[in-house]
Amino acid sequence: MSPSPVDELCEFLRFPSVSTSAERSGDLVACAEWLSRRFSRAGLESRVVPTPGHPVVLAKSRPRPGLRTVLIYGHYDVQPVDPVELWESPPFEPSIRDGVIYARGSADNKGQIFAHVLGVAQTLEEKGELPVNVIFLVEGEEEVGSSHLEDFLKAHREELQCDVIAVSDTGMVGAGIPTLTYGLRGVAALELKVSGPSRDLHSGIFGGAVANPLSVVARLVAALHDADGRVAIPGFYDAVEPLAEWEREAWAALPMGERELLELTGAPGLTGEPGYNARERIWARPTAEVNGIGGGFQGAGTKTVIPSHGFAKVTFRLVPQQEPEKILEAARAFLEARCPAGVRLEVDLGHAGQPYLMDPRGEWGGAATRALERTFGGQVALIREGGSIPIINTFERVLGVETLLLGLALPDCRAHSPNENFPVANFLAGIRLNQELLTELGSAE
Ligand code: BES
Ligand code: ZN
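Below is a summary of the structure that appears in this document.

**Notes on the pairing of strand 1 (residues 45-49)**
Taken together, the five bridges between strand 1 and strand 2 (residues 56-60) define a ladder with antiparallel strand orientation. Note on strand 2: the bridge partner recorded for Ser 46 is Ala 59.

The following block contains the structure:
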């Protein structure tokens, strides 16, 4: 007997495919090979293509002339699991409790992409053919900025020719509410490193005369925002497109208000840029976030030192029409100008991904909306989201094709956090959604 959809998903979830850790690269290859074998078993022509980073899985249905071609994109890499002690069950041993699958990657993105895989596999099994030609592109570096995928797209441009792209790597506004995401924020990363004395110094013998690198890190990080919560880098907001009035109105009618957000996050209060509500701040306004600060004595008790160095990791979330490279250069100049004497500052620029915005009411958006209605019933929520999938904008630039974002994750899926989860019902609905979507896209006017 063949394994059930949920059993198969659990197999996929057992690979610890954490893309940030170099020592995991064997697990990523094993995961890619497993997925590729699954595609082959479904009757697709599949291969694992090496890249300078983690490999890409590329699978294609037997091309039938005259049909539209849909590229389905997702990622098999996952985020690190720490703090691992906060997981109620081990992150790579999927556990099903009350109809919900708990595992790293269950929502982001293995559960969501695998729903598409099984949708296609089941259609082929039942009908012997698909309503469209399908190309699957499943990468292993999304969680680390997809830095090798643009070159991959350029090198394989011909065989990636398609009419439209479908991605399930976003969320739903609530359980059972069909959701089409028409905008994502971009992201740009930097790390600032401040160094001072050549080694940690006695703060009594030298304190007062030698600059403290950690104080400088704190000053620089604090300078990123003004007292009202706006980003203080000159020019940061210059290219930002204002929210359309229809968006503000439509979003105001959606469930999930600020009370739910407080509950969901456990934060004691909300904050942000003046003039916008929480949803607008997350979906349509740019931000600067400090993701990590380090340096100095971290042990128990006190240690009277001037640390020799410190660092901060910062990312910016960006909206149309901000340019990640310009923002990073502006941030570097801002930090350098503010760095006091007595220390050395190094600003290392990291990955950069552009924001995405499409018209949900166009031809393809209409087909996606109908497929969502058929699958879930009820009215489709049209939203933007604050997360980033850097390659979506690149698809448009390199392949000239629009992407439909049909998310299946719930607001409390805990992506990137301990106890990440995905309801079995959403996974099974995702399989049906794939089938409705391919049917609609095959016949869209
Ligand atoms: N699936 C997310 C993106 C996402 C999350 C979109 C929630 C919409 C709502 C994706 O896997 C992700 O986490 N992307 C990273 C990209 C970064 C590492 C370059 C992100 O947004 O932090
Ligand atoms: Zn993610």
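**Some words on the nonpolar core**
Within the largest apolar cluster, 90 residues are counted, with the highest numbers of intra-cluster contacts made by Tyr 73 and Phe 136. Element by element, the count of residues in this core is highest for helix 3 (residues 106-127), at eight residues. Counting residues in hydrophobic clusters, the runner-up holds 28 residues, among them Val 221, Val 231, Val 240 and Cys 339.

**Thoughts on the environment of Gly 111**
Summarising the element assignment, Gly 111 is placed in helix 3. Excluding residues that lie within four positions of it along the chain, Gly 111 makes contacts with Leu 9, Gly 105, Ser 106, Phe 422 and Phe 427.

**What to know about the coordination of the zinc ion (ligand 2)**
Octahedral six-donor coordination of a metal ideally yields angles of 90 or 180 degrees, compared with 109.5 degrees for tetrahedral four-donor coordination. Protein-derived ligands of the zinc ion (ligand 2) are Asp 108 (OD), Glu 143 (OE), Glu 143 (OE) and His 416 (NE2), with the metal-ligand distances lying across 2.0 to 2.6 Å. Around the zinc ion (ligand 2) sit six donor atoms, and with donor-metal-donor angles ranging over 55 to 159° the site reads as irregular. Counting along the primary sequence, the residues that act as donors to the zinc ion (ligand 2) give the motif D-x34-E-x272-H. Residue Asp 108 is found in helix 3, and its partner Glu 143 is found in the loop between strand 6 (133-139) and helix 4 (149-155); the two are separated by 35 residues along the sequence. What makes Glu 143 buried here is its relative accessible area of 14%.

**Brief notes about the site of ligand 1**
By nearness alone, 17 residues border ligand 1, and Asp 108, Glu 142, Asp 169, Arg 317 and Ser 388 come closest of all. His 416 places a side-chain nitrogen or oxygen 2.8 Å from an oxygen atom of ligand 1. Protein contact buries 85% of the 520 Å² of open area that ligand 1 shows by itself. Split by residue class, the shell around ligand 1 holds four nonpolar, seven polar and six charged.

**So, the packing of aromatic side chains**
Aromatic ring pairs are defined here through the distance separating the ring centres and the angle between the ring planes. Per the counting criterion, the structure on display carries eleven aromatic pairs. An angle of 50° between the planes, with centres 5.9 Å apart, marks the rings of Phe 236 and Phe 316 as tilted. Taken together, the residues span a long stretch of sequence, with Phe 236 in the loop between helix 6 (213-223) and helix 7 (245-252) and Phe 316 in strand 13 (residues 309-318) at a distance of 80 residues. When its relative accessible area of 2% is taken as the criterion, Phe 236 is described as buried. For Phe 316, a relative accessible area of 1% translates into the label buried. Directly above the ring of Tyr 102 sits Arg 97, whose terminal nitrogen or CZ lies 4.0 Å from the centroid. Across from the ring centre of Tyr 237, 4.4 Å away, lies the NZ or CZ of Arg 230, which sits over that ring.

**With respect to helix 3**
Here helix 3 lies mainly inside the structure; 18 of its 22 residues are buried. Phi turns positive, to about 80°, at Gly 128, one or two residues after helix 3.

Parameters and conventions
- Residues numbered from 1 in each chain as written.
- Chains lettered and ligands numbered in written order.
- Predicted model: local features only at pLDDT ≥ 70, side-chain atom pairs only at ≥ 80, totals over all residues.
- Heavy atoms only, no water.
- Pairing = 2+ DSSP bridges.
- Helix = DSSP H or I, 4+ residues; strand = E, 2+ residues; numbered from the N terminus.
- Core = buried A, V, L, I, M, F, W, Y, C linked by side-chain atoms within 4.5 Å.
- Buried < 20%, exposed > 50% of the residue type's maximum accessible area, 1.4 Å probe, protein only.
- Contact = heavy atoms within 4.5 Å.
- Donors = N, O, S within 2.8 Å, 3.2 Å for Na, K, Ca; no water.
- Tetrahedral: all angles 85-135°; square planar, octahedral: opposite > 155°, others 65-115°.
- Near = heavy atom within 4 Å.
- Polar contact = N/O pair within 3.5 Å; in protein donor to acceptor, adjacent residues only side chain to side chain.
- Areas by Shrake-Rupley, 256 points an atom, 1.4 Å probe, with all protein chains shown as cover.
- Nonpolar A, V, L, I, M, F, W, Y, C, P; charged D, E, K, R; others polar.
- Phe/Tyr/Trp six-rings, centres within 6.5 Å; stacked < 30°, edge-to-face > 60°.
- Lys NZ or Arg CZ within 6 Å of the ring centre and 35° of its normal.

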